[in-house]
Amino acid sequence: MKILNKPYYGIYFGKYYKLLKNIFLNKNFFSKKILLLDINTKKYCLHYFLSKTNLFNKYYLINIFSGEEEKNIYTCKKIWKKLIKLNADRNSIVINLGGGVITDMGGFACSVFKRGLNFINIPTTLLSMIDASIGGKTAINFFSLKNEIGLFNDSKIILIDKNYLKTLSEDEIKSGLSEILKYGLIYDINLWNLLKIRVFSKIKYEIIYKSIIRKYNIIEKDYKEKGLRKILNFGHTIGHAIESYFIYNLNKRLSHGHSIAIGMICESWISYKMKIIKKTEFEEIYNVLSILYKKIKIYNSDIYKILYFMKHDKKNKNKKIKFSLIKEIGYCLYNIEVDYELIKESIKNYLF
């Protein structure tokens with residue numbers, strides 16, 4: 001398998017544990033090796049990671065609770081306090097072993113601690129392998145707003161090991177699959193056509209690799225999200241708002257991938273109603289996504305709460321909600337202003 005090794009960071013695949021062990025985890029390379037993980041990765045992934053790196057008794061551990069609701073400033077304060085207690089210095093390295101919450105928050109916590117601590121991302125979920133750990137975005141949620149506080153900073157390396165997927169439920173796999181389907185819709189019609197007819201009981205390295213390449217191709221052209229990279233937000237304007245609505249208004253969890261799938265359905269409908277895509281294309285997108293992701297219940301009276309989260313989306317300008325919308329399957333536009341009434345109608349159309 002090829003290695004992506006560009007100016008921003010290197011992405012390696014499972015067999016390169018030897019490189020990780022001999023260089024980055026060598027006792028003479030970094031003063032302290034610190035593992036950041038949550039209670040799930042500690043239970044299901046830690047032993048495997050230690051066996052592959054031979055890091056037994058040679059590391060310090062920071063363990064946090066799991067879940068999107070933990071991605072906040074209070075958890076960061078716990079991480080920073082622990083780093084201080086461990087006497088972590090700027091020659092220490094933190095290994096973020098986990099899903100998107102760990103890589104997002106771990107990267108952010110390291111980036112501001114002592115003005116920058118080295119970190120490595122070892123994603124353990126499909127979502128984090130093909131999306132969250134890649135691209136240099138680090139962030140936490142703040143005042144119930146998703147990824148409101150953050151910065152761009154790259155890990156030293158990212159190591160992708162498909163064996164971690166064995167620890168995941170079907171729902172977790174489907175959560176990552178949503179982002180893979182997105183890459184097909186916004187950038188690669190061949191990937192979409194391949195995915196829409198395939199049984200997803202097993203995710204092959206080929207699909208993971210192709211997804212990473214698609215994202216990499218985009219961020220290489222627009223690292224700081226000034227233009228093209230915004231297409232990666234397709235489905236996320238409404239999807240992030242729905243995800244936040246479930247966490248902060250209903251005190252429930254709806255997976256990121258499920259939320260984004262709903263967002264892609266609603267935003268494809270908007271694109272159809274704005275005469276950007278054909279009705280047949282919207283129906284194709286709807287049919288594929290609605291089979292994989294069951295319809296959820298949102299009260300009609302609560303739509304204004306979802307709109308509240310959208311009003312704080314980072315793509316907005318001058319209080320106007322900006323969308324990335326499909327022009328055709330495999331091609332996406334960005335910075336498209338959408339009327340509030342049409343947004344509300346898209347959610348109602350999904351619900352009813």
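Below you will find a few notes about this structure.

1. Let's talk about a positive patch on the surface
And step 1. Side chains of K18, K21, K52 and K58 sit close together on the surface and give a patch of like positive charge.
And step 2. Mapped onto the secondary structure, K58 falls in the loop between α3 (46-53) and β4 (60-64).

2. Observations regarding the nonpolar core
Across soluble globular proteins, nonpolar side chains have a tendency to be buried as a group.
And step 1. One finds L20, F49 and M310 to be the most contacted residues of the largest nonpolar core, which totals 94 residues.
And step 2. Counting residues in hydrophobic clusters, the runner-up holds 21 residues, among them W80, V101, C110 and F113.

3. A few points about the pairing of strand β9 (residues 157-160)
And step 1. Of the two faces of β9, the one lined by I157 and L159 and the one lined by I158 and I160 are each fully buried.
And step 2. For strand β2 (residues 10-13) and β9, the ladder comprises four bridges, and the chain directions are parallel. From the neighbouring strand, I11 faces β9, where its bridge partner is I158.

4. Some remarks on a nonpolar patch on the surface
And step 1. Residues F142, F143 and I149 make up a contiguous nonpolar surface patch of about 300 Å² in total accessible area.
And step 2. Along the chain, F142 turns up in strand β7 (residues 137-142).

5. Overview of empty space enclosed by the protein
And step 1. With the rule as written, the count across this model stands at three cavities of 30 Å³ or more.
And step 2. In this structure, the largest cavity occupies an estimated 130 Å³ of space.
And step 3. Lining the largest cavity are L145, K146, E148, T237, H240, A241, S244, F309, M310, H312, D313 and K314.
And step 4. Secondary-structure elements contributing two or more residues to the lining of the largest cavity are β8 (145-152), α10 (236-248) and α13 (303-310).
And step 5. Taken as a whole, the second largest cavity encloses approximately 60 Å³ of empty space.
And step 6. Around the second largest cavity sit 13 residues that line it, and N121, S133, G136, K137 and N153 are the ones nearest its centre.
And step 7. Considering only residue class, the lining of the second largest cavity consists of three nonpolar, eight polar and two charged.

Rules used throughout
- Every chain's residues receive numbers from 1 upward, in the order its sequence appears when written.
- Local features in this predicted model are restricted to residues whose pLDDT is 70 or higher, and side-chain atom pairs enter the listing and the counts only when it is 80 or higher, whereas totals over whole chains, interfaces and linings include all residues.
- Hydrogens are left out, water is left out, and the side-chain values use all remaining heavy atoms of the structure.
- Candidate patch residues must exceed 30% relative accessible area and have no salt bridge, after which like charges are joined if within 9 Å and Val, Leu, Ile, Met, Phe, Trp or Tyr side chains if within 5 Å.
- Residue-level accessible areas treat just the shown protein chains as cover; the underlying method is Shrake-Rupley with a 1.4 Å probe.
- A pair is scored as a salt bridge if a Lys or Arg side-chain nitrogen falls within 4 Å of a carboxyl oxygen belonging to Asp or Glu.
- The convention is simple: Lys and Arg are positive, Asp and Glu are negative, and His and the chain ends are not counted.
- Throughout, a charge is located at the NZ atom of Lys, the CZ atom of Arg, the CG atom of Asp or the CD atom of Glu.
- Each helix corresponds to a stretch of at least 4 residues labelled H or I by DSSP, and each strand to a stretch of at least 2 residues labelled E; elements are numbered beginning at the N terminus.
- Among buried residues, those of type Ala, Val, Leu, Ile, Met, Phe, Trp, Tyr and Cys that are joined through side-chain atoms within 4.5 Å constitute a nonpolar core.
- Classification of residues uses two cut-offs on accessible area relative to the type maximum, computed with a 1.4 Å probe and protein chains only: under 20% is buried, over 50% is exposed, and between them is partly exposed.
- We treat two strands as partners when DSSP finds at least two bridges between them.
- The way it works is a 1 Å grid over only the protein atoms, where trapped points that fit a 1.4 Å probe form a cavity and open points with protein on both sides within 12 Å along at least five of seven lines form a pocket, and then any residue with an atom within 4 Å of a point lines it.
- Grid points are joined across faces, edges and corners, and a volume is the space filled by probe spheres set on the points.
- Note on residue categories: nonpolar means Ala, Val, Leu, Ile, Met, Phe, Trp, Tyr, Cys or Pro, charged means Asp, Glu, Lys or Arg, and polar means any other residue, Gly included.

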